[in-house]
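# Survey of secondary and tertiary structure
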Amino acid sequence: MRPSLVAAIAALSCVTPATEAQEAIAAARALTLIVGPLLTAERDEHASPLRYDGAGPFMQASYVYRTERVALAVRLGGAIGTLRSAMTGADDLPRQELTRGWIDVEYAHVLGTPRARTRWLLGGGLAQRATLLRHLTVPADANSVGYALYSASIGPLFGIERAIGRLGRLRAQLAVPVLALIGRPYGGLYNKLTLIPDALRLRLATVKAFQAVDVTAAHAVEVGGSTDLVLSYRLVVERYRDAEPFGSASQAMSLGLALRLGRDR
Amino acid sequence: MKRRLVVVAAAVVVLMVAGCTDIFVGPDVKLDRLGLFERVWRDLDRYYSLFLVKRVSWDSLHDVYAPRAAQAASDSELAFVVGALLSELRDVHVGLVAGTQVYRFTGYDTRPAFFDPGIVAQYVTDRRAAPNAHSAFGHAAADIGYVWILHFQGSGFGADIDTALAQLADVRALIIDVRDNPGGQAPNLEAVAGRFIDRDRTYAFIRVRDGQRPDELTQPEPRVLSPTGLSRFTGPVAVLTNRRSVSTAEGFVLAMRALPGVTIVGDSTEGGAGNPLTRELPNGWTYRFPFATWYAPDLTTFEEIGLAPDVWVRGSAAELAAGRDAILDTALAILRRSL
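In what follows, the accompanying structure is described. Given the structure is predicted, the values throughout are model-derived calculations rather than measurements.

Thresholds applied
- Residues numbered from 1 in each chain as written.
- Chains lettered and ligands numbered in written order.
- Predicted model: local features only at pLDDT ≥ 70, side-chain atom pairs only at ≥ 80, totals over all residues.
- Heavy atoms only, no water.
- Helix = DSSP H or I, 4+ residues; strand = E, 2+ residues; numbered from the N terminus.
- Expected span 1.5 Å × (residues − 1).
- Buried < 20%, exposed > 50% of the residue type's maximum accessible area, 1.4 Å probe, protein only.
- Pairing = 2+ DSSP bridges.
- Contact = heavy atoms within 4.5 Å.
- Axes fitted to C-alpha atoms, helices over the stretch in contact; angles between N-to-C directions.
- Phe/Tyr/Trp six-rings, centres within 6.5 Å; stacked < 30°, edge-to-face > 60°.
- Lys NZ or Arg CZ within 6 Å of the ring centre and 35° of its normal.

This brings us to helix α3 (residues 33–47) of chain B. Taking 1.5 Å of rise per residue, 15 residues should cover 21 Å, and α3 of chain B covers 21 Å from first to last C-alpha, within 8% of that figure. Every buried residue of α3 of chain B is listed here: Gly35, Leu36, Phe37, Arg39, Val40, Trp41, Asp43, Leu44, Arg46 and Tyr47 of chain B.

All names here are of chain B. Sheet architecture is open: seven strands sit in the order β3-β4-β5-β6-β9-β10-β13, paired in mixed fashion. Across the chains shown, the open sheet's two edge strands, defined by having one partner strand only, are β3 (128–129) and β13 (311–312). Where strand β9 (residues 237–241) lies against strand β10 (residues 262–266), five bridges are found, and the strand directions are parallel. Opposite Val239, over in β10, you have Ile264 as the bridge partner. Packing of helix α10 (residues 248–257) onto the sheet brings it into contact with β5 (144–149), β6 (173–177), β9 and β10, and relative to β9 it is tilted by some 155°.

The general pattern is negative phi for most residues beyond glycine and trans for most peptide bonds. Residues and elements named next belong to chain B. One non-glycine residue, Ala133, adopts positive backbone phi at about 60°. Relative to the elements of secondary structure, Ala133 occurs in the loop between β3 and β4 (135–141). Of the residues examined, Ala133 reaches a relative accessible area of 47% and is grouped as partly exposed. Look at Leu299: it is not a glycine, yet its phi comes out positive at around 65°. Looking at the element boundaries, Leu299 is found in the loop between β12 (286–295) and β13. Residue classification places Leu299 among the partly exposed positions, given a relative accessible area of 42%.

Centre distance and the angle of the planes are the two values used to describe a pair of aromatic rings. All names here are of chain B. Summed over the entire model, instances satisfying the criterion amount to 13 aromatic pairs over all chains. Residues Tyr48 and Phe51 carry aromatic rings whose centres are separated by 4.8 Å and whose planes lie at 80° to one another, so their mutual orientation is edge-to-face. Phe51 shares its class with Tyr48; the two are buried. Ring geometry for Phe152 and Phe252: centres 5.4 Å apart, planes at 40°, overall tilted. Note that Phe152 is positioned in the loop between β5 and α8 (157–167) and Phe252 in helix α10, a separation of 100 residues in sequence. Joined through ring pairs, the aromatic side chains of Trp41, Tyr48, Phe51 and Trp58 make up one cluster. Just above the ring of Tyr65 sits the side chain of Arg68; from NZ or CZ to the centre is 4.9 Å.

Given below as structure tokens:
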């Protein structure tokens, strides 16, 4: 197993006891909005052999529907950020302007007793992610080219939920895609985006070529009649083996509110 | 409950601060000298857009230079080898920056270009800089304006040309001088040329490398010039060129050539049709090469050839010594005839 995967699972084991996923699990239906900082480190060898890292804000909206037996979640999020390499030093360039977006659709089934204090979930998810890196180099007015990685992946997910006290919930979740469609478009002539047709072609990738781990953990606390305060953490690691490999890891800490719709727990 | 929340928050913060994202991506890769050479060679092999024009055997050049890279005793020697490899392409847009060492093809024509801004100043006695200092303007004659565009790098070109045209509202004809102009960014040439155009016109095409084989290029994508700016100059225009007008300056010539009432005067441009991108090596060096190529509206290339003027004038050292600018003199004569 790859060291990064081992580390990801280790990270999951660290956060599982203390945190939960990003939606309030207390409601039958809930709308959640979270915001926070996103730390990203990436190496897209299509753009550069150097590692770039940095931070930026992200926002995510999600809708969760759950019954005693199943949970369905749809998440829509986006982030921006400015990444720099160790080579950049005190200079402004080179740097990468990061734009990332994602749509996750997840379905999970409760294992065992639905009303247990601790619930185990098993399901699957479809994750669509797009990462665009606008690579800016010296000199400042040099042609800047954007490099992207698009992935649509499916795979199993595992989760655990636990009620904490009268008003709180913890949830942790691990999703590991096993099959993905990958696209690596790039292009750009100065500020006019020119996409290269060859790079638009999608490629099917198994875990041999595309490996990813998505760990989410969150703690939701009821703060009002139908509102929860949600504190969450998410780690996403992606690697794509190609002639020009792509590797990315991002972690996000966020705070948000979940509005419970319809009947309460 | 509050205590739990604090504990959870603290755990998350610790995770974030630990910056464990770097662990998953790993440190910057170290490549030996041959590895650095191979990366440059492979990058151009995959993305360079002008192999068909250059007609070099890139594979053979690999066989020649790779052993030298492997035997390089220092980074400086490696830089020399990589620089020598790149110079085989004879491309003004190809180069290597290795610390303080810079390897760049010196150009297709190293003869003097016979352009002296000091001599021009004797014609344009009221010459002054535009607000963003990318250009200077004045009167070359009572009713003939003169705009000297030094380069196309940076921003503010639209404001500069608007200022020049406003200040030269009393002229009936205009000279735009792009001699010795090293180029810059395409949007800047369009910002200037857009002040002279009457309607949308396709002035060039671009093709991008699009596959493993050197002949795999995208379909020609038109570069369209549109009217822009506060005002439009409709009088006759002469554009001055020489063998140091290169890259985006040549794009400007293509754009102006597409307009009626424009005469290109001077020597052929240099012939740098590539559109470069800059790449990095793990050791901090950078290199650049074209991944896209500009073409004239008839889809012919001007790489290494340049764009021929409508009226060819080369100038000479003797004329400059006598305080005369032959290209400017010719442009003035042409414009006076057209008024």
